[in-house]
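Structural features, examined
This is what each chain is made of:
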Amino acid sequence: MMKRSIQFFKHKAYDFRWAILSGILVGTSYIPFPPWALIFCYTPLWLYATEESRTVKDSFWAAWVTQFVLSIIGFHWIAYTAHEFGQIPWSTSVMALLLFCAFMHLYIPVAVALGTWLRLRFSLSAGKSLFVIAILQSLLERVWPVIFDWNLGYTLFWAKIPTYNLADIVGFLGLSSIVLLFNAWMGYIWLKQSYVKKALTHLSFLTLTFAALVGIGYWHGQKWNHFDGEFRATVIQANIGNLEKIYAEKGRGYQEAITNKFLDMTRDAAQKFPQTDIFVWPETAFPDYLDQHLLGRKHTQLLSNGLAPLGKPLITGAYSKDINTDEKIDHSTYNGLFLVDANGNNLDKPYRKTELLAFGEYLPLSEQFPVLLKLLPFVSNFGRGQGPTVMKWERNGESIHWGGQICYEGLYPEFTRGLAKKGADVLVNVTNDSWFGRPSEPQQHLYMTLARAVEVRRPLIRSTNTGISTAVLANGDVLQKSPLHQEWSGQFVIKYLKKAPTTLYVQWGHWDWVLLLIVLIALVTTGALHARSRRS
């Protein structure tokens, strides 16, 4: 029996060898790996799917294998997070990872299977089918619901390939579409390898096109090197442990110890960076409520007493609660972002987190079925904010508008577009990545967040509990980065453009889907007509 099972898996592994290869190529070309196979990582899978003998079922399962392999490589940290955040055994955490890998990126096999169906239905050539699959995957990855909304466009930014500067026109999803089309082009060249002259001609054009996109990106990015305003922000990374964070959130001690640690580090940073204009603490760094009507509480008084001698304002994550609410109702608590003066007074209304973490900050379907909260009382149930909110900081007679993001809200392009439309001059992201281990997720989360600054062309400050804390300017320059899982403070000179223009991406979003759809229809139509003319 064992021998037969081994033979079965060996046979399947051979059948899906190109699918497995694509999974490895994609997984090892995404952050934090170098993008060594970026423009041909999907090519082996797509070539397999365009073979004449392949059925829709064959293509689906091959692509499923690809997405499973790339998910294992790129998102192995899911198991660590499930264990650390959910406090569940490692065996269960590994099962959670396997379920994630099995179902989270199904848009890849759906796109390949649909492309195969179109090839069979309309007798498309293998070459046209490659581009059909690339466009289908481009369109589906924009709408498919996922927990961690990644795409290959981010890799251009991570690798500092200047093409990333075009994100203020098409967004990083648009850049991902370009990468996928290059993969299809590489597949087409492979199909034409027996026609040496034609293959070399296409390879030359592909190389020139890629070089042109790099050059255009570099030239386009240069116009964002002009600034007319600046200030100095100092980020405090206190490296608070997970258990301390949990106990502080539940009101079981550690609030005072955490507050004192941040204050001590802030006092040290003030001596180290005396020209600081504003301090920035990470998500829920202040482990209590910080609303103006609750400033008489023990820990808010501790905070104001510690900040007063420094005479500088602070942006920090904290908890928020409405006036006259019943403290026994968990729903009245929000994960908030506050801008306060040296006495702890709110300088503007706080921002309350809108995009909540499922099972960590809310229980799915609990709004429709409140009884679930009684059945699962251990699941936190934070209130949901009202969407993108801008906070105003009056400084030297000028107003600086801050666009706040809490944790993975920085992964949502539409959210940051909303901040830019509301007049944000500077973006600030506060995060706690302590649940994700090292090194993949912190690097992935970092660059996916910093990418928002390029799309909307606003500087962004990122303050985290355990790293990676940094800042990026509107031109895409990433400043110094903090170490992981260490106490650290650093000052950033934030240069910005007053009344910065609105980018094409902010105005129109992912408008390029229309072009992709037109090209898709043209490919299918012309392919079908050509096939019909051959038959006649």
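Shown above is the structure to which this text applies.
Scope of this entry: the structure provided in the associated data block. Because the structure is a prediction, the values reported are computed rather than measured.

Conventions and cut-offs
- Residues numbered from 1 in each chain as written.
- Predicted model: local features only at pLDDT ≥ 70, side-chain atom pairs only at ≥ 80, totals over all residues.
- Heavy atoms only, no water.
- Pairing = 2+ DSSP bridges.
- Helix = DSSP H or I, 4+ residues; strand = E, 2+ residues; numbered from the N terminus.
- Buried < 20%, exposed > 50% of the residue type's maximum accessible area, 1.4 Å probe, protein only.
- Axes fitted to C-alpha atoms, helices over the stretch in contact; angles between N-to-C directions.
- Contact = heavy atoms within 4.5 Å.
- Core = buried A, V, L, I, M, F, W, Y, C linked by side-chain atoms within 4.5 Å.
- Parallel < 35°, antiparallel > 145°, perpendicular 65-115°, else oblique.
- Expected span 1.5 Å × (residues − 1).
- Salt bridge = Lys/Arg side-chain N within 4 Å of Asp/Glu carboxyl O.
- Patch = residues over 30% accessible without salt bridge, like charges linked within 9 Å, V, L, I, M, F, W, Y side chains within 5 Å.
- Areas by Shrake-Rupley, 256 points an atom, 1.4 Å probe, with all protein chains shown as cover.

Strand order in this open sheet of 6 strands is 5-4-3-2-1-11, and the pairing throughout is mixed. This sheet does not close on itself; its edge strands, each paired only once, are strand 5 (351-352) and strand 11 (488-496). In this sheet, strand 4 (residues 333-340) lies alongside strand 3 (residues 314-321) in antiparallel orientation, the contact comprising 8 bridges. Of the residues in strand 4, the one forming a bridge with G317 is L337.

We now examine the pairing of strand 3. Most of strand 3 sits out of view: 8 of its 8 residues are buried. Of the strand pairs in this sheet, strand 2 (residues 278-280) and strand 3 are connected by 2 bridges, and their pairing is parallel. Pairing of V280 across the sheet is with I315, part of strand 3.

If you trace the 5 strands from one edge of the open sheet to the other, you get 6-7-8-9-10, paired in mixed fashion. Each edge of the sheet is formed by a strand with only one pairing partner; in this case those strands are strand 6 (390-395) and strand 10 (470-472). Taken over all neighbouring pairs, the strand axes of this sheet differ in orientation by 25° on average, direction set aside. Contacting strand 6, strand 7 (398-406) and strand 8 (426-431), helix 16 (residues 413-421) crosses the sheet at an angle of about 165° to strand 7. Packing against the sheet, helix 17 (residues 440-456) makes contact with strand 7, strand 8, strand 9 (460-464) and strand 10, and its axis sits at approximately 160° to strand 9.

One can find V112 in helix 7 (residues 107-122). C-alpha separation for the pair V112 and A49, spaced 63 residues apart in sequence, amounts to 7.1 Å. When neighbours within four sequence positions are excluded, V112 is seen to be in contact with L45, W46, A49, S59, A63 and I133.

Nonpolar side chains in soluble globular proteins tend to end up buried together. Formed by 117 residues in total, the largest nonpolar core has its most connected members in Y42, W46, W150, F231, W402 and I461. With 11 residues, the single largest contributor to this core is helix 10 (residues 167-191). In this structure, I461 is in contact with F231, A233, V235, V280, W402, V426, L427, V428, N429, T470, A471 and I494, ignoring residues within four places of it in sequence. Of all hydrophobic cores here, the second largest spans 22 residues; its members include A238, I258, A270 and L290.

Moving on: the packing of helix 10 against helix 17. Orientation of helix 10 relative to helix 17, taken along the N-to-C sense of each, is 150°, at an axis distance of 8 Å. Classified by the angle between their axes, helix 10 and helix 17 sit roughly antiparallel to one another. Contacts from A167, D168, G171 and F172 in helix 10 reach A451, R452, V454 and E455 in helix 17.

Mapped onto the elements of the fold, A424 is located in the loop between helix 16 and strand 8. Of the residues examined, A424 reaches a relative accessible area of 1% and is grouped as buried. For the pair A424 and V456, spaced 32 residues apart in sequence, the C-alpha to C-alpha distance is 9.8 Å. Apart from residues lying up to four places away in sequence, A424 is in contact with V390, H401, G403, L419 and R458.

Across its 16 residues, helix 7 extends 22 Å between first and last C-alpha, which sits within 8% of the 22 Å expected from 1.5 Å per residue. Those residues of helix 7 not exposed but buried are Y107, I108, P109, A111, V112, A113, G115, T116, L118 and R119. Directly after helix 7, the chain includes S123, whose backbone phi takes a positive value near 55°.

Moving on, we get to the pattern of salt bridges. Counting across every chain of the model gives 15 salt bridges. For R54, the salt bridge identified is with E51, shortest N-O distance 2.9 Å. Residue classification places E51 among the partly exposed residues on the basis of a relative accessible area of 32%. Across the salt bridge formed by D322 and R352, the nearest N and O atoms sit 2.6 Å from each other. Of the two residues, D322 sits in the loop between strand 3 and strand 4 while R352 sits in strand 5, which places them 30 residues apart along the sequence.

A surface patch of nonpolar side chains, about 550 Å² in accessible area, is lined by W513, V514, L515, L517, I518 and I521. Inspection of the secondary structure puts L515 in helix 19 (residues 513-535). L515 sits in the partly exposed class, given a relative accessible area of 46%.

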